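# Secondary and tertiary structure notes
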Amino acid sequence: MSKTFPTVGLVGSAPQAGMYISPAQALGVELLNVADSKRCDVVTVIDSSFALSIVKRFEAEGVTVRPSFSALSAASQKFNATTVNNSTLCVMVARSPHGQATTWAPTEIIRNNGLWSMSITPAPRLNETLQEKAQQLALDISAQLGVVGVISVEISVKDDDVSVVNVEMQPHSSGNWTVDGSITSQYEQHLRAVLDLPLGDPAMVWPYVVTGNVYCGDKPNMYRPYLHLMARTPAMKFHQYKGSFQSGDLVGHVTLAGNDLQEIIEEVEHAQEYMQGVIDE
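Just so it is clear, the structure is predicted and the values come from calculations on it, not from any experiment. (Residues numbered from 1 in each chain as written. Predicted model: local features only at pLDDT ≥ 70, side-chain atom pairs only at ≥ 80, totals over all residues. Heavy atoms only, no water.)

This paragraph deals with the overall build of the protein chain. Across its full length, the protein chain holds 9 helices and 12 strands. Here the protein chain has a C-alpha radius of gyration of 19 Å; the compact-globule value for 281 residues is 19 Å, and the two agree. Along the longest, intermediate and shortest principal axes, the C-alpha atoms of the protein chain span 55 × 50 × 35 Å. Looking at the protein chain as a whole, 49% of its 281 residues qualify as buried. (Helix = DSSP H or I, 4+ residues; strand = E, 2+ residues; numbered from the N terminus. Rg over C-alpha atoms; globule rule 2.2 N^0.38 Å. Buried < 20%, exposed > 50% of the residue type's maximum accessible area, 1.4 Å probe, protein only.)

Moving on, we come to the nonpolar core. Within the largest apolar cluster, 30 residues are counted, with the highest numbers of intra-cluster contacts made by V43, F58, L145, I151, V153, V167 and M169. Looking at this core, the element that brings in the most residues is helix 5 (residues 128–145), giving 5 residues. Setting aside its immediate chain neighbours within four residues, I151 contacts V91, M92, V93, S142, V167, E168, M169 and Q170. Counting residues in hydrophobic clusters, the runner-up holds 18 residues, among them I120, F238, L256 and Y274. (Core = buried A, V, L, I, M, F, W, Y, C linked by side-chain atoms within 4.5 Å. Contact = heavy atoms within 4.5 Å.)

Let us look at the layout of surface pockets. Over the atoms rolls a probe the size of a water molecule, and its path tells where empty space is left. Approximately 610 Å³ is the volume found for the largest pocket. When contributions to the lining of the largest pocket are tallied by element, the ones reaching two or more residues are helix 1 (14–18) and strand 10 (208–215). Classifying every residue of the lining of the largest pocket gives 10 nonpolar, 11 polar and 4 charged. (1 Å grid on protein atoms, 1.4 Å probe; cavity = no way out; pocket = protein on both sides within 12 Å on 5 of 7 lines; lining within 4 Å. Points joined across faces, edges and corners; volume = space filled by probe spheres on them. Nonpolar A, V, L, I, M, F, W, Y, C, P; charged D, E, K, R; others polar.)

The next subject is the packing of helix 8 (residues 225–232) against helix 9 (residues 261–275). Angle between the axes and distance between the axes: these two values describe a pair of packed helices. One can describe the packing of helix 8 onto helix 9 by two numbers: an axis separation of 10 Å at closest approach and a directional angle of 170°. By the angle between their directions, the pair helix 8 and helix 9 is classed as roughly antiparallel. For the pair helix 8 and helix 9, the contacting residues are P225, Y226, H228, L229 and R232 in the first and E267, H270, A271, Y274 and M275 in the second. Grouping the constituent residues of the contact of helix 8 with helix 9 by class yields 6 nonpolar, 2 polar and 2 charged. (Axes fitted to C-alpha atoms, helices over the stretch in contact; angles between N-to-C directions. Parallel < 35°, antiparallel > 145°, perpendicular 65-115°, else oblique.)

It is worth spelling out a nonpolar patch on the surface at this point. There is a patch of nonpolar side chains on the surface, built from I183, V205 and W206 and spanning about 290 Å² of accessible area. By the secondary structure assignment, W206 is in the loop between helix 7 (186–194) and strand 10. (Patch = residues over 30% accessible without salt bridge, like charges linked within 9 Å, V, L, I, M, F, W, Y side chains within 5 Å. Areas by Shrake-Rupley, 256 points an atom, 1.4 Å probe, with all protein chains shown as cover. Salt bridge = Lys/Arg side-chain N within 4 Å of Asp/Glu carboxyl O.)

In terms of residue burial, helix 7 counts as a mostly covered element, since 8 of its 9 residues are buried. All of the buried residues in helix 7 are Q186, Y187, E188, Q189, H190, L191, A193 and V194. Trailing helix 7 by a residue or two, D196 shows a phi angle of about 60°, which is positive.

As a further point, take the packing of aromatic side chains. In this structure the tally under the stated criterion is 3 aromatic pairs. Measuring from centroid to centroid gives 5.0 Å for Y20 and Y187, while their planes differ by 80°, and the two rings are edge-to-face. One end of the pair, Y20, is in the loop between helix 1 and helix 2 (21–27); the other, Y187, is in helix 7, with 167 residues separating them in the sequence. Taking the relative accessible area as the measure of exposure, Y187 reaches 6% and is therefore buried. With 5.0 Å between their ring centres and 55° between their planes, Y226 and F238 make a pair best called tilted. Of the two residues, Y226 is situated in helix 8 and F238 in strand 11 (residues 237–240); the sequence distance between them amounts to 12 residues. Relative accessible area serves as the criterion here: at 16%, Y226 is assigned to the buried category. Every member of this aromatic cluster is reached through a ring pair, and the members are Y223, Y226 and F238. (Phe/Tyr/Trp six-rings, centres within 6.5 Å; stacked < 30°, edge-to-face > 60°.)

Topologically, A101 is positioned in strand 5 (residues 101–103). Given the relative accessible area of 34%, A101 is considered partly exposed. For the pair A101 and L199, spaced 98 residues apart in sequence, the C-alpha to C-alpha distance is 7.6 Å. Once residues lying within four places of it in the same chain are set aside, the contact partners of A101 are A94, R95, L139 and L199.

What follows deals with the pattern of salt bridges. A complete count under the given rule lists 4 salt bridges for this structure. Among the ionic pairs, E108 bridges to R125, the shortest N-O distance being 3.5 Å. Here E108 is found in strand 6 (residues 107–112), whereas its partner R125 is found in the loop between strand 7 (115–121) and helix 5, with 17 residues between them in sequence. Note that R192 and E188 form a salt bridge whose closest N and O atoms lie 2.9 Å from each other.

Now for unusual backbone geometry. Across the junction of R66 and P67, the peptide omega takes the value -5°, indicating a cis bond. Within the secondary structure, P67 sits in the loop between helix 3 (52–60) and helix 4 (69–78). The omega torsion of the bond from T121 to P122 falls at -5°, within 30 degrees of zero and hence cis. Within the secondary structure layout, P122 lies in the loop between strand 7 and helix 5. Phi at N113 is positive, roughly 55°, even though this residue is not glycine. By secondary structure assignment, the location of N113 is in the loop between strand 6 and strand 7.

Shown next, in the form of C-alpha cells:
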C-alpha cells in the first residue's frame, strides 16, 4: 500500500515530543526527529529553547514549518519575558493555516517558589464575561502573530480589563489538563492544526479539571507511589516523562477532574506531596 498519511517533524526535546506519540498514532501520523526534516510533510517547533535560525534554515531549504519563522520571530520580539507572578491566567489557542481557530477554557496557573505547580480549569477567579474577554483576546493575538498550531497566551486581569503578558508559541504545560480533561487535547489539536485538518472540539468533559506538576524529590522509586495513590483516587490520571532527572527537575504531572473543585485540589496536592517525598502516608 502506498503512503497516504503525512509525516510530521518535531523540533524539540524528548519529554515534549513524548506527549505527541499517542495522538499521532491514533491519527496514523508518523513522527520524525528534526534531523529528518527533508522527509517530513511539515515541521513544527514544540520547544521554545530551540534557536529561530533552525526554522529559518528549514524554510530556506523548502521545508514547510508551522508556526512559521515570521510568526515565531514576531512573538519573540513582542513578548520576551515570562511573568513571574505566583498566579497567572492562560488561554490555549489553536489556529489552522486557513484561519479556523478554537480556544479552551481559561486556566489559572499557580506557582510555588517560582515553579509551575498547579493548573485549575476553568479559572475560578474569572466570571463568564471575563472568560469570554480573555478567550477573545487570545484569539486576536494569535491572528495578529499569524500563528499556525497551538499556543499558550498568558493574560493579566485588572478589574474588568484583560491584557496579554506573554505568549508561548507551542503546546505548553499550562495546557496539559486538556489531555484528560478536554474532548480534544492540545497535542492532538496541534497536529490537526499544522496538518491543516479541521480542528477538534475543545470542550471540557467535567466541570473542573486540576493538574499538578511533579518534581523530582526524595522518592527513589516513582512507580511505587501508584499503589497508594491509585487505590486512594482511582479517577486520577498519571503522566511520567522519560529521561534522566536530578532533584528539582520536572518529572511528570497528575490530573483529576470532577464536580467538587476543593476536593479535587486537595487530592492533587496530596498526590504531588506523596510522589515528591514530602509525605509518606
